[in-house]
Amino acid sequence: MRGEDRAHRLHGERRVECGVCFRRCRLAEGETGFCGARQARAGKVICANYGKLTALALDPIEKKPLAEFYPGNLILSAGSFGCNLRCPFCQNYEISMAGIPQRSGSGTWGRSVGAAGCAENGSAGPAAQENAGNAVGDAAGDAGQGAVVKSAAGDAGQGAVKEVFEEPAAMTVSPRQLAAQAAELAAKGNIGLAYTYNEPLVGWEFVRDCAGLIAEAGMKNVLVTNGTAGPEVLDRLLPLIDAVNIDLKGFTQEYYSWVGGSLDMVKETIIRASQLCHTEVTVLIVPGKNDDEEDMRRLAGWLSSVEKRAGKRVPLHVTRFFPRWRMKDQRATPVETVYGLAETAREYLPSVYTGNC
Ligand code: SF4
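The rules behind the values
Residues numbered from 1 in each chain as written. Predicted model: local features only at pLDDT ≥ 70, side-chain atom pairs only at ≥ 80, totals over all residues. Heavy atoms only, no water. Helix = DSSP H or I, 4+ residues; strand = E, 2+ residues; numbered from the N terminus. Areas by Shrake-Rupley, 256 points an atom, 1.4 Å probe, with all protein chains shown as cover. Buried < 20%, exposed > 50% of the residue type's maximum accessible area, 1.4 Å probe, protein only. Pairing = 2+ DSSP bridges. Expected span 1.5 Å × (residues − 1). Arc of directions from axis to C-beta. Salt bridge = Lys/Arg side-chain N within 4 Å of Asp/Glu carboxyl O. Near = heavy atom within 4 Å. 1 Å grid on protein atoms, 1.4 Å probe; cavity = no way out; pocket = protein on both sides within 12 Å on 5 of 7 lines; lining within 4 Å. Sits in = over half its atoms within 2 Å of the grid points. Nonpolar A, V, L, I, M, F, W, Y, C, P; charged D, E, K, R; others polar. Core = buried A, V, L, I, M, F, W, Y, C linked by side-chain atoms within 4.5 Å. Contact = heavy atoms within 4.5 Å. Points joined across faces, edges and corners; volume = space filled by probe spheres on them.

Glancing now at the overall build of the chain. Per the secondary structure count, the chain includes nine helices and 18 strands. For the chain, the computed accessible surface area is about 13,800 Å², with 47% contributed by carbon and sulfur atoms.

What follows is the structure, encoded as structure tokens:
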């Protein structure tokens, strides 16, 4: 992957380009990318959130959401900080944005972060190794309750977070320790490890390292993503992943421009994933933004073509927005809207679920 880090000069200053997602941040030494999770170090872009967990929970797999992948089972769910989108309605921002200064627009943030837990080429740094023993020791206590065991970020808004830390990444853990925790929790019904809560692909090296160990242990890897990483990252990760839920924010580029992403890139990710692993798709319906019936017809019709190409079902979750983050003053999506759009989608797809209703 080092080929992704292309060097540039801007006003005489050497910068290195991150190739993980569409933003292609060009970072001067010590600067952190838009996602808050990757940083320029010694002329390379490293994964600065490597092994830093902001949330860890043993969740019902239906919460990912995955409706048709080992239903009725639990999965250890880990999240860090960092996201490359800025959806103003983010339902999870206390976790995904933990410690990230906010600004509007796109581009490089130029923020420096501390050295602890940084990784290069996917290896945890010395501080990560030292601190790794503090990470997930309490996880078993609430096994089976679907509660977040610890969070560095704050209240997730779904009644889940039990402990709050002021600093992001209060827990640092190695892939081996997290995999061992997942295996230990098998006795309580855990089937594997889910990479979720923030955008896991901005820290893909940690996912890769954990996923290899989880697969070796005969357990399942689940990825919950916005689907906006480039093909190099997807090609590395998807063969290790058993199931994925991909957020399809809406079905117009106009909508994606609002949240800061590319519809075509997400569609490509869904096509690619559906051919390699069990894939489900989630669309969060925001009133007045992406609740158009015709858009749902186009979305569902397109997803039906993806199913045919993949030769398998790609279940769709139509979920309800609640007022959050920068859209705290908006009303929640009326349940009738969600049910109505789900009915429309069922004209095209065999598996459509509603969520948050
Ligand atoms: S992953 Fe982060 S640093 Fe890399 S291009 Fe995307 S936003 Fe920028």
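From this point, the discussion proceeds with the structure in view.
Within strand β8 (residues 74-79), six of the six residues are buried, leaving the element largely enclosed by the surrounding structure. Going residue by residue along β8, you find L74, L76 and A78 tucked away on one face and I75, S77 and G79 tucked away on the opposite face as well. Relative to β8, strand β7 (residues 55-60) runs antiparallel, the two sharing six bridges. The partner of L56 across the bridge, within β8, is A78.

Another point: helix α9 (residues 335-346). Between the first and last C-alpha of α9 there are 17 Å, a value that for twelve residues agrees with the 16 Å anticipated at 1.5 Å per step. V338, L341, A342, T344 and A345 are the residues of α9 that are buried. Each buried residue of α9 sits inside an arc of 155 degrees when the element is viewed along its axis, so together they form one side.

Scanning the model with the defined rule gives 14 salt bridges in all. Between E31 and R15 there is a salt bridge, with its nearest N and O atoms 3.1 Å apart. You can see E31 sitting in the loop between β3 (26-28) and β4 (38-41) and its partner R15 sitting in strand β2 (residues 13-17), a full 16 residues away along the chain. On the basis of relative accessible area, E31 is assigned to the buried category, the value being 17%. When the shortest N-O distance is used, the salt bridge between R272 and D235 registers 2.6 Å.

To continue, consider the site of the ligand. As a structural note, the neighbourhood of the ligand is formed by C18, V20, C21, R23, R24, C25, G33, F34, C35, R38, N84 and V202. Structurally, the ligand is housed in the second largest cavity. A class-by-class count of the residues in the shell around the ligand yields seven nonpolar, two polar and three charged.

A word on the nonpolar core. By size, the foremost hydrophobic cluster in this structure holds 79 residues, and its most contacted members are L178, L248, L316 and V318. A per-element tally of this core places helix α4 (residues 204-216) first, with seven residues. Leave out the neighbours within four places in its chain, and L248 touches Y256, L263, V266, I270, V281, T282, V283, L299 and W302. Among the nonpolar cores identified, the runner-up in size contains nine residues, and L66, F69, I75 and I191 belong to it.

This part is about empty space enclosed by the protein. This structure, assessed with the given rule, holds three cavities of 30 Å³ or more. Forming the walls of the largest cavity are 15 residues, and the residues nearest its centre are S80, N198, P200, F206 and V207. Looking at the lining of the largest cavity, the elements that each hand over two or more residues are β6 (52-53), β8 and α4. Grouping the amino acids of the lining of the largest cavity by side-chain chemistry returns six nonpolar, seven polar and two charged. When its volume is computed, the second largest cavity comes out at roughly 90 Å³. Every residue lining the second largest cavity is listed: C18, V20, C21, R23, R24, C25, G33, F34, C35, R38, N84 and V202.

Interpretation note: all reported values are geometric properties and have no functional meaning in isolation.
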